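Okay, here's what each chain looks like letter by letter:
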Amino acid sequence: MKIVAHYIICQMSEILDRKLEPVFKVIDKIEIVKADKKTLSNGISVYAINAGEHELVKVDIIFDAGEWMQKMPMLSYSVVSMLCEGSLFHTAEEIAEKFDFLGSYIYYNTQKHTATITIYSLQKHLEETLQLIEEIIKYPLFPEKEFETFNNKRKQQYTIDSQKVELIAQKHFCRALFGNEHPYGMYPELDDFDKITTMNIRSFHAQYFIAENCKIIIAGKIDESHIQLLNRYFGDIDWQKLFVQPILDHKITSSVQKQIIVEKKDAVQSAIRIGKITINKFDPDFPKLQIVNTILGGYFGSRLMSNIREDKGYTYGIGSGLVSYKNAGYFVIASEVGKNVTIDAIKEVYLEIEKLQTELVSENELEVVRNYMLGNVLRNFDGPFALSDTLKTILEYDLGYEYFETFVETLKSITPNQIKSIAVKHLEKSSLYEIIAG
Amino acid sequence: MIEIKKFTLDNGLTVVVNEDTTTPFVAFNLLYDVGSKDETADKTGFAHLFEHLMFGGSVNISTFDEPLQRVGGENNAFTNTDITNYYITLPKENIETAFWLESDRMLCLDFSQKSLNVQKNVVCEEYRQRYLNKPYGDTWLLLRPLAYKQHPYQWATIGKNIEQIENASIGDVKEFFFKYYAPNNAVLSISGNITVEEVKKLAEKWFGPIERRRVPYRNLPAEPKQTEKRTLTVHRNVPYPSLYITFRMCRRLDNDYYIIDLISDILSNGKSSRLYKKLVQEKKLFSDINAYITGETEEGLFVFSGNVMNGVSIEDAEKAIYYEINKLKDGFLFDYELLKVKNKIESTIQFSETNILNKAMNIARYELFGDANLINSEFLNYSNVQILDIKRVANELFVDENCCTLYYLPNE
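Not measured: the values here are computed from a predicted model.

What counts and what doesn't
- Residues numbered from 1 in each chain as written.
- Chains lettered and ligands numbered in written order.
- Predicted model: local features only at pLDDT ≥ 70, side-chain atom pairs only at ≥ 80, totals over all residues.
- Pairing = 2+ DSSP bridges.
- Helix = DSSP H or I, 4+ residues; strand = E, 2+ residues; numbered from the N terminus.
- Axes fitted to C-alpha atoms, helices over the stretch in contact; angles between N-to-C directions.
- Expected span 1.5 Å × (residues − 1).
- Contact = placed C-beta atoms within 7 Å.
- Domains from an automatic or database assignment.
- Nonpolar A, V, L, I, M, F, W, Y, C, P; charged D, E, K, R; others polar.
- pLDDT = per-residue confidence, 0-100.
- Buried ≥ 20, exposed ≤ 12 C-beta atoms within 10 Å, placed from the backbone.
- Core = buried A, V, L, I, M, F, W, Y, C linked by C-beta atoms within 7 Å.

Examining the sheet that holds strand β5 (residues 84–91) of chain B
Residue and element names in this part refer to chain B.
Line of reasoning, step 1. Taken in spatial order, the six strands line up as β1-β2-β6-β3-β5-β4 in an open sheet, and their pairing is mixed. The open sheet has two edge strands, β1 (5–8) and β4 (74–79), and neither has a second partner. Averaged over all adjacent pairs, the angle separating strand axes in this sheet is 15 degrees, with direction ignored.
Line of reasoning, step 2. As paired elements, strand β3 (residues 25–32) and strand β6 (residues 186–192) share seven bridges and run antiparallel to each other. What sits directly across from Tyr32, in β6, is Ala186.

Laid out in structure tokens, this is it:
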């Protein structure tokens, strides 16, 4: 209701001719329910999105405490996951009981630059939920016994995951691009789990899980009273530390070797990763490269899917993607293909890239991709939860909603010639890494 | 609460509609009442392979996906033991494109040999990717034939083996289409920013002219009563043992379904649930453990699945599960705990109602059960469950004559 899309009419038809596409409209302009920016008494920024009709609310509490800040693999994730394992006032068991009794869903996540606690709650239980969240964020105990159990579980899961070819390929791919010392390429080895101690965890928490390092997004059918609730539990100066955070720099050391093959004897498929370090959201070329990526492998009708799955039947799925982080980004093509067609599949991947660099995209294909992507932009703003997820993706870069306006403008104005030159500029074959696991 | 309006076309197509004006989208869901349970033992995996072929072009439209993407739409489909379900979301202004595309492939498929050949390969790769090339990936290929001896739930939807998929012929495809893909064997459900009047007009226009087909009467072989506990031990290239215990349970529409679902929640929904608290956190016997139900239309399975912690014997791990089962059989349960799992169900239902695609899929499934409005009494069905019900059902369900156990062990 609050997101209004304006359309222009494209085509007309009258009688039931099953060969003829019905009249359709192109999304012309997307209006966004923007967040209201508020400030808590201690200076924490709150982005409030008032949307939706249900008595539900989603809160994201975001700390600048991601993998970029950690000194050893898995530290940030260990901290955020261990928050619920016991506080000054309640045991892990009591905390779990309480959240489950309220029917609140709590998720703990680590990204490259942030650590996030996400809460989904019924309106009527929001206050009780937030009260407990305050406690586990400000006064966690990180008990030794619970950490040991948590770590043993993760080691076991890690060993199981290490058998999956797609994870083997992804690990070697990121390491080759960024180097294992860099947060974007850092993957743990089994013995890394034993290096983390509750002391490391406590000191990381003390340094980064503080008011100055925090922002909050709240979304749902909300009003001023919800902001007051947030202020009651998170607005105090009791968790300001007045630290000056060090500026951390990490150097990228890409592998010299561009092709890496990891053998796994009993595998019946190979996992493939082909890609490179590339521009991120700050670069003016980024929206254009996103369109090129979509044409190549970003949707079901993409060239990689049409050729390698729908024409050749080499795979259940193949796709490409752009991953944008704050200080760099990467482009990747990913698939799992039958062992005996691996070489053929890779050949076709390069052929498809080459076609983008040498031939102009047809108007028809461009129209399909343009409208498909416009639909996705509209989806990004459909309802309070999507609105909040979308806001989170731009806050990390301190970008505003203009980012999407620029994106929509680019979608509408991009030409086949521009697509070709972007493909030439950013997807040069000799710059691509190729990892095969299987 | 989901407001539902419905009508039926002369050709038997049932249409259920939920108007939701809070979104600029419409979700369009077409459910066919055919699943892998309708296959014969020598042609398993066919219902799912057929789902792939539905995207290979229809009599008047050469590709399904492209015209949909051109109007900002997204789509996909899934097949399970009971149903085949196709779904689309698209901007409300372009809803007619969904009617055009879906009605044409209900009218008649293209039956292209090339599409069949390619999709056979794609499905074989899907088989390898999801079932053969992952640790513990073949679990369900083992559990189903252990738990069922006569009923077609004995094979997984993906198929018994790759060979049967490779053997599918264009004749099989045609036969299957005209047998099951009929307006009188489908439920169309719509949720989103559209009125029931508009839906009626479009449904009449695009689906109305399709003729009713003769759909075979479903007469599935009944699964005989199990008489003793079954076990199976396999060795695979995995790092740790896993343990799977199944108990045959009631049909989806039986009253006990809700009681059994709550039992699975008491045992394994959330970090405060019994299995996680006792067997993972406290006794450290499993790195991960779950209890859940398959929720199938016919008699389904209650499943325990656990990855045994390094160094723990699988016998000790199994004993600990039975200790928890016996507590329920003894009626060891307090009002607080029952209320907790009911609260969680209330919350889950409320969140699921925020999403039009969820709503469209769910109301179609309930309409197939007999009435889409049943969805609105679900919470009541759960909240009526009492401690004594749990005790009674636990004693009926968790018995050896209902039980199959799979020991999935690392190679020696």
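Now that the structure has been shown, the text picks up again.
Focus: helix α12 (residues 335–352) of chain B
Line of reasoning, step 1. Here α12 of chain B contains 18 residues, and its C-alpha end-to-end distance of 26 Å stays within 8% of the 26 Å for a straight helix at 1.5 Å per residue.
Line of reasoning, step 2. Close packing links the buried residues of α12 of chain B with α2 (92–102) and β7 (115–122) of chain A together with α9 (256–268) and α14 (378–383) of chain B.

Structural notes on the domain arrangement of chain A
All names here are of chain A.
Line of reasoning, step 1. One can read the domain layout of chain A as domain 1 (36–239) and domain 2 (259–437).
Line of reasoning, step 2. Its C-alpha centre places domain 1 at a distance of 30 Å from the equivalent point of domain 2.
Line of reasoning, step 3. Each partner contributes to the interface: domain 1 provides 23 residues, whereas domain 2 provides 30 residues.
Line of reasoning, step 4. When residues of the side of domain 1 that touches domain 2 are traced back to their parent elements, those giving at least two are β4 (45–50), β5 (56–63), α5 (165–178) and β8 (214–220).
Line of reasoning, step 5. No other element matches α5, which puts nine residues into the side of domain 1 that touches domain 2.
Line of reasoning, step 6. The residue inventory of the side of domain 1 that touches domain 2, partitioned by class, reads twelve nonpolar, six polar and five charged.

Looking at the confidence of the model for chain B
Line of reasoning, step 1. Confidence in the prediction of chain B, expressed as mean pLDDT, is 97, and 100% of residues score 70 or more.
Line of reasoning, step 2. Scoring the predicted complex yields pTM 0.95 and, for the interface, ipTM 0.94.

A look at the environment of Lys29 of chain A
Residue and element names in this part refer to chain A.
Line of reasoning, step 1. Mapping Lys29 onto the fold places it in strand β2 (residues 25–30).
Line of reasoning, step 2. Judged by local crowding, Lys29 falls into the exposed class, with 11 C-beta atoms found within 10 Å.
Line of reasoning, step 3. For the pair Lys29 and Glu409, spaced 380 residues apart in the sequence, the C-alpha separation amounts to 9.6 Å.

With respect to the environment of Leu427 of chain A
Line of reasoning, step 1. Of note, Leu427 of chain A is situated in the loop between α15 (416–426) and β13 (433–437).
Line of reasoning, step 2. When the C-alpha atoms of Leu427 of chain A and Leu56 of chain A are compared, they prove to be 44 Å apart, with 371 residues separating the residues in sequence.

Quick notes on the nonpolar core
Residue and element names in this part refer to chain A.
Line of reasoning, step 1. Ile49, Ala169, Phe173, Ile218, Ile272, Val292 and Ala345 are the most contacted members of the largest nonpolar core, which has 116 residues in total.
Line of reasoning, step 2. Here this core gets eight residues from one element, more than from any other, and that element is α5.
Line of reasoning, step 3. Mapping this core onto the domain boundaries places at least three of its residues in each of domain 1 (36–239) and domain 2 (259–437).
Line of reasoning, step 4. Setting aside residues up to four positions removed in sequence, Ile49 forms contacts with Val33, Ala35, Ala219, Pro384, Leu387, Ser388 and Leu391.

Overview of the pairing of β5 of chain A
Residue and element names in this part refer to chain A.
Line of reasoning, step 1. Of all eight residues in β5, eight are buried, a share of seventy percent or more.
Line of reasoning, step 2. Neither face of β5 is exposed, since Leu56, Lys58, Asp60 and Ile62 on one face and Val57, Val59, Ile61 and Phe63 on the opposite face are all buried.
Line of reasoning, step 3. For β5 and β7, the ladder comprises eight bridges, and the chain directions are antiparallel. Bridge pairing links Val59 to Ile119 in β7.
Line of reasoning, step 4. Where β5 and β8 come together, seven bridges link them in antiparallel fashion. In the sheet register, Val57 faces β8, and the bridge partner there is Gly220.

Some details on unusual backbone geometry
Line of reasoning, step 1. Of note, the phi angle at Phe142 of chain A is positive, near 50 degrees, even though the residue is not glycine.
Line of reasoning, step 2. Even without being glycine, Tyr136 of chain B reaches a positive phi, approximately 65 degrees.
Line of reasoning, step 3. Among the secondary structure elements, Tyr136 of chain B is positioned in the loop between α4 (113–132) and α5 (139–147).
Line of reasoning, step 4. According to the C-beta neighbour criterion, Tyr136 of chain B is partly exposed, with 16 such atoms within 10 Å.

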